[in-house]
Amino acid sequence: MAKRKSKADPEDLPDAPDKRKEQDDDDSGSDEDMDMVNVDFEWFDPQPAVDFHGLKTLLRQLLDVDSQLFDLSELTDLILSQPTLGSTVKVDGNETDPYAFLTVLNLETHKDKKVIRDLTSYLSQKSTTSTPALQALPPLLAPSSSAQVGLILTERFINMPHEVVPPMYTMLLEEITWAIQESEPYNFTHYLVLSKCYSEIASTLPSEDAPKAKKKKAAKEEEETFYFHPEDEVLKKHGLGSCSFEYDTPVDEGASDSKRAFQELGVKPKGHMVLIEAAKFEGAVEAAKSFLTGQ
């Protein structure tokens, strides 16, 4: 299948303003002003020769503490075995590690791979033990099911601008269309977007400023869900259902406090997934793109 992907930015992302020039024109500029660096992002096909370690690192970040439950090397090899589908985002040329990626794997086609069996069992189990439960997923992933579920895997460095995401989804939709035209196994009935979210929890560190009664009240409040990938909040509105779930791997009691990053509350990461019917996937992507680009 020929890939019609441009090395240049598929969408013109606005350059960051040149703060240095502004400071030169303003004698009252403070030493606290920071220079802004212009960065050119480039989109590439997954490259088996150079992307193995970079993709494996991003997969480890995506699956968080439960990444140790899966053979990430096998999963990375599987992604790289379909280089004409999916994208990576880089800043210093094709030979460097990716800063972000997006791809889709057919869970039915690859069901004989151990890592896919492990992932399928894991996600099926998480969908029924989470609140709210994603009851529609286990029947689709059952061995007797005729469903073709595409598992969307996407991750990026925490400081990556979310504007890099719309081009990746745009190219993925195009690539799936071309693959179907060439009778490749990407004619999905459903898409399952695996992602991450987090909740804020009361810090376990002592605080002299906060009254005890206030801390107890905060601990009892219902946890609000926040998204590492802001597009997930839009995608779930177009889905059959979604859920967030606790990881299996235990973490130290102070782990949430270590992720506070200058805020009062601790951060507790969780897994998150959205199930979308294929007929509604393009509309969901378009809504997410509009949200991320502010249109």
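Owing to the predicted nature of the structure, the values given are computational and were not obtained by experimental measurement. (Residues numbered from 1 in each chain as written. Predicted model: local features only at pLDDT ≥ 70, side-chain atom pairs only at ≥ 80, totals over all residues. Heavy atoms only, no water.)

S.K.: Tell me about the overall build of the chain, and please be specific about residues and values.
M.R.: A tally of helices and strands in the chain yields 10 helices and eight strands. Relative to its full complement of 295 residues, the chain shows a buried share of 43%. Expressed as a percentage of contacts within the chain between residues at least 6 apart in sequence, the contacts between residues at least 24 apart total 81%. Split by element, the accessible area of the chain, about 15,800 Å² in all, is 49% carbon and sulfur. (Helix = DSSP H or I, 4+ residues; strand = E, 2+ residues; numbered from the N terminus. Buried < 20%, exposed > 50% of the residue type's maximum accessible area, 1.4 Å probe, protein only. Contact = heavy atoms within 4.5 Å. Areas by Shrake-Rupley, 256 points an atom, 1.4 Å probe, with all protein chains shown as cover.)

S.K.: Break down the confidence of the model for the chain for me, citing the residues and quoting the values.
M.R.: Detailed conclusions should not be drawn from predicted coordinates in areas where pLDDT is low. Residue-level pLDDT values for the chain average 83, and 76% of them are 70 or greater. Considering only residues more than four positions removed or in separate chains, one finds that residues 14-31, a stretch of pLDDT under 50, has 16 contacts. Across residues 254-262, confidence stays below pLDDT 50; counting only partners more than four residues off in sequence or on other chains, it has 13 contacts. (pLDDT = per-residue confidence, 0-100.)

S.K.: Can you lay out helix H4 (residues 114-129) for me, pointing to particular residues and giving the numbers?
M.R.: In this model H4 runs 23 Å from its N-terminal to its C-terminal C-alpha over 16 residues, within 8% of the 22 Å that 1.5 Å per residue would give. Along H4, the positions that sit buried rather than exposed are Val115, Ile116, Leu119, Thr120, Tyr122, Leu123, Ser124, Lys126 and Ser127. (Expected span 1.5 Å × (residues − 1).)

S.K.: Mind laying out the side chain of Thr88, listing which residues take part and the relevant values?
M.R.: If you trace the backbone, Thr88 turns up in strand E2 (residues 87-90). Owing to a relative accessible area of 1%, Thr88 belongs among the buried residues under this scheme. Excluding residues that lie within four positions of it along the chain, Thr88 makes contacts with Glu42, Trp43, Phe44, Asp45, Pro46, Asp51, Leu55, Pro98, Ala100 and Phe101.

S.K.: Before we move on, could you go through the packing of helix H2 (residues 52-63) against helix H3 (residues 72-80) and cite the residues and values that matter?
M.R.: Each pair of packed helices can be described by the angle between their axes along with the distance between the axes. Running from N to C, H2 and H3 cross one another at 120°; their axes reach a closest spacing of 9 Å. With respect to their mutual orientation, H2 and H3 come out oblique. Two packed elements cross with a definite hand, and for H2 against H3 that hand is right-handed. Packed against H2, whose contacting residues are Phe52, Leu55, Lys56, Leu59, Arg60 and Leu63, the element H3 presents Leu72, Ser73, Leu75, Thr76, Asp77, Ile79 and Leu80 at the interface. (Axes fitted to C-alpha atoms, helices over the stretch in contact; angles between N-to-C directions. Parallel < 35°, antiparallel > 145°, perpendicular 65-115°, else oblique. Left-handed = near helix turned anticlockwise from the far one by under 90°.)

S.K.: Outline the side chain of Arg156, listing residues and values.
M.R.: Inspection of the secondary structure assignment puts Arg156 in strand E4 (residues 149-156). There is a polar contact of 3.1 Å between the side chain of Arg156 and the side chain of Glu231. Apart from the residues within four sequence positions on either side, Arg156 is in contact with Leu58, Gln61, Tyr99, Ala100, His162, Val165, Phe228, His229, Pro230 and Glu231. (Polar contact = N/O pair within 3.5 Å; in protein donor to acceptor, adjacent residues only side chain to side chain.)

S.K.: Give me the pairing of E4: which residues, what numbers.
M.R.: For E4, the buried fraction is high: eight of the eight residues fall into the buried class. Neither face of E4 is open: one carries Val149, Leu151, Leu153 and Glu155, the other Gly150, Ile152, Thr154 and Arg156, and all of them are buried. Pairing of strand E3 (residues 100-106) with E4, which is carried by seven bridges, proceeds in the antiparallel orientation. If you follow Val104 over to E4, its bridge partner there is Ile152. (Pairing = 2+ DSSP bridges.)

S.K.: Mind laying out the nonpolar core, listing which residues take part and the relevant values?
M.R.: By size, the foremost hydrophobic cluster in this structure holds 34 residues, and its most contacted members are Leu151, Leu153, Leu192 and Met273. Residues contacting Met273, with those up to four places away along its chain left out, are Leu123, Lys126, Ser127, Leu134, Leu137, Leu192, Val193, Gly241, Ser242, Cys243 and Phe245. (Core = buried A, V, L, I, M, F, W, Y, C linked by side-chain atoms within 4.5 Å.)

S.K.: Can you break down unusual backbone geometry residue by residue, with the values?
M.R.: The phi angle at Asp64 is positive, at roughly 55°, despite the residue not being glycine. Given the relative accessible area of 18%, Asp64 is considered buried.

S.K.: Could you give an account of the environment of Val274, with specific residues and numbers?
M.R.: Along the chain, the position of Val274 falls in strand E8 (residues 266-277). Considering only alpha carbons, one finds Val274 and Leu137, 137 residues apart in sequence, at a separation of 9.7 Å. Each residue touching Val274, except ones within four places of it in the same chain, is listed here: Tyr191, Leu192, Val193, Asp232, Leu235, Lys236, Gly239, Gly241 and Ser242.

S.K.: Before we move on, could you go through the pattern of salt bridges and cite the residues and values that matter?
M.R.: This structure, assessed with the given rule, holds 10 salt bridges. Where Asp64 meets Lys196, a salt bridge forms, and the shortest distance between an N and an O atom there is 3.0 Å. In this pair, Asp64 sits in the loop between H2 and H3 while Lys196 sits in strand E5 (residues 190-201), placing the two residues 132 residues apart along the sequence. The class for Lys196 is buried, based on a relative accessible area of 9%. Residue Lys114 pairs with Asp118 through a salt bridge whose shortest N-O separation is 2.8 Å. Of this pair, Lys114 and Asp118 both sit in helix H4, four residues apart, roughly one helical turn. (Salt bridge = Lys/Arg side-chain N within 4 Å of Asp/Glu carboxyl O.)

S.K.: Go over the pairing of E5, please, and point to the residues and values.
M.R.: With 10 of 12 residues buried, E5 lies mostly within the body of the structure. Pairing of E4 with E5 involves five bridges; the strand directions are parallel. Within E5, the residue paired with Leu153 across the bridge is Leu194. In the classification by handedness, the crossover that spans E4, the intervening helix H6 (residues 165-181) and the parallel E5 is right-handed. When E5 meets E8, the two strands line up antiparallel, connected through 12 bridges. Looking across to E8, one finds that Tyr198 is bridged to Pro269. Where E5 and strand E6 (residues 225-227) come together, three bridges link them in antiparallel fashion. Following the sheet pairing, Tyr198 is matched in E6 by Phe226. (Right-handed = clockwise from strand over helix to strand, strands pointing away.)

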